[in-house]
Amino acid sequence: MAKASFSQPDMMDKFKSVDATAFKKLITEYKVQLLDVRTPLEYQLRNIEGAMLIDFYASDFEKQIDAQLDVSIPVAIYCRSGVRSVDAGILLVEKGFTVYNLRDGIISWK
């Protein structure tokens, strides 16, 4: 999968990385789609309650995004350390989603 970039001027307005405190507030107080982009094994070991799993490394990742997510509802996204979720988040923004990324991933989650 090619690495995306912030090529469109409005992309930065649709993608925000936030710390764990802000992320927790976001997912508890607002209507968002909570998305874990790690592997099924990583998800099984530890996840944020209520998160849907769509493995970023799956060959049909984009197809699953299109089938399971509603572009009109913001996506709160995370991975293990914040790298995959940034790449996945950029792809989502390119598809028209508003994305909030958990900075430093689930390892920052308490």
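Okay, so let's go over this structure. (Residues numbered from 1 in each chain as written. Predicted model: local features only at pLDDT ≥ 70, side-chain atom pairs only at ≥ 80, totals over all residues. Heavy atoms only, no water.)

## Observations concerning the sheet that holds strand β3 (residues 52-53)
The five strands are arranged β1-β5-β4-β2-β3 in an open sheet whose pairing can be described as parallel. On the outer flanks of this sheet lie β1 (15-18) and β3, each paired with one strand and no other. Looking at chain direction, strand β4 (residues 75-78) and strand β5 (residues 99-102) are connected through three bridges and run parallel. Paired with I77 across the strands is N101, a residue of β5. (Pairing = 2+ DSSP bridges. Helix = DSSP H or I, 4+ residues; strand = E, 2+ residues; numbered from the N terminus.)

## Remarks on the pairing of β4
Neither face of β4 is exposed, since V75 and I77 on one face and A76 and Y78 on the opposite face are all buried. Taken together, the four bridges between strand β2 (residues 33-36) and β4 define a ladder with parallel strand orientation. Of the residues in β4, the one forming a bridge with D36 is Y78. Between the parallel elements β4 and β5, the chain passes through helix α5 (residues 83-94) in a crossover that is right-handed. (Buried < 20%, exposed > 50% of the residue type's maximum accessible area, 1.4 Å probe, protein only. Right-handed = clockwise from strand over helix to strand, strands pointing away.)

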